[in-house]
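# Tertiary structure, described
Chain residues, written in single-letter form:
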Amino acid sequence: MKRLIGLFLLSALVLGGCTDQERKAFEAKCDAPLRERVTALAQSGPSDVVDVLGKTAGPIDDARRSKLTGAGAELGTVTGELFTARIPAAAVARVAAIDFVISLQLAQVRDPQ
């Protein structure tokens, strides 16, 4: 429990440059591994990128693609409502705050066998 409270306080301090809406979206839409990674990267280097898998409410058209890239996401694969992206740690909360983004999770990167 102490660790959870500490993580929450650390996240609040790290995301201090975010708006209240971005902080709430970060907590609500990002899974725990992504929140932990962003918090760790924000301490070492907020310009470091994190690979994410995201879900949107409806397919990603050109307007939505533009809004995602404008928030800092470098889109990879886009399939209907799902997308992969590389996002600087400092921009994850901004991407999460976009109204059509439903969820963001830390991508599972696997090495080839």
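Our subject is the structure listed above.
Structural notes, computed from the coordinates. (Residues numbered from 1 in each chain as written. Predicted model: local features only at pLDDT ≥ 70, side-chain atom pairs only at ≥ 80, totals over all residues. Heavy atoms only, no water.)

What follows covers the overall build of the protein. Broken down by element type, the protein carries 5 helices and 4 strands. The buried share of the protein, taken over its 113 residues, is 35%. Of the accessible surface of the protein, which amounts to about 6800 Å², a share of 54% is contributed by carbon and sulfur atoms. (Helix = DSSP H or I, 4+ residues; strand = E, 2+ residues; numbered from the N terminus. Buried < 20%, exposed > 50% of the residue type's maximum accessible area, 1.4 Å probe, protein only. Areas by Shrake-Rupley, 256 points an atom, 1.4 Å probe, with all protein chains shown as cover.)

Across the sheet, 4 strands lie side by side as β2-β3-β1-β4; this open sheet has antiparallel pairing. Among the strands making up the open sheet, the edge pair consists of β2 (74-79) and β4 (101-106). Taking the axes of each pair of neighbouring strands and ignoring which way they run, one obtains an average angle of 25° across the sheet. (Pairing = 2+ DSSP bridges. Axes fitted to C-alpha atoms, helices over the stretch in contact; angles between N-to-C directions.)

Structurally, proline 59 is set in the loop between β1 (49-56) and α4 (62-70). Given the relative accessible area of 58%, proline 59 is considered exposed. With 19 residues separating them along the chain, proline 59 and valine 78 place their C-alpha atoms 8.9 Å apart.

Let us look at the pattern of salt bridges. Inspection of the entire model under this criterion finds 4 salt bridges. For the salt bridge of lysine 24 with aspartate 20, the shortest nitrogen-to-oxygen distance reads 3.3 Å. With lysine 24 and aspartate 20 both in helix α2 (residues 20-29) and 4 residues apart, the pair spans about one turn of that helix. Residue classification places aspartate 20 among the partly exposed positions, given a relative accessible area of 45%. (Salt bridge = Lys/Arg side-chain N within 4 Å of Asp/Glu carboxyl O.)

Take the pairing of strand β3 (residues 82-88) next. The alternating pattern of β3 places Phe83, Ala85 and Ile87 on a buried face, while none of Leu82, Thr84, Arg86 and Pro88, on the opposite face, is buried. Of the pairings in the sheet, the one linking β1 to β3 comprises 7 bridges and is antiparallel in character. Note that in β3 the partner of valine 50 across the bridge is isoleucine 87. Pairing between β2 and β3: 4 bridges, direction antiparallel. Counted as the bridge partner of valine 78 is phenylalanine 83 from β3. Here β2 hands over to β3 after 2 residues, with glycine 80 in that stretch at a positive phi of 60°.

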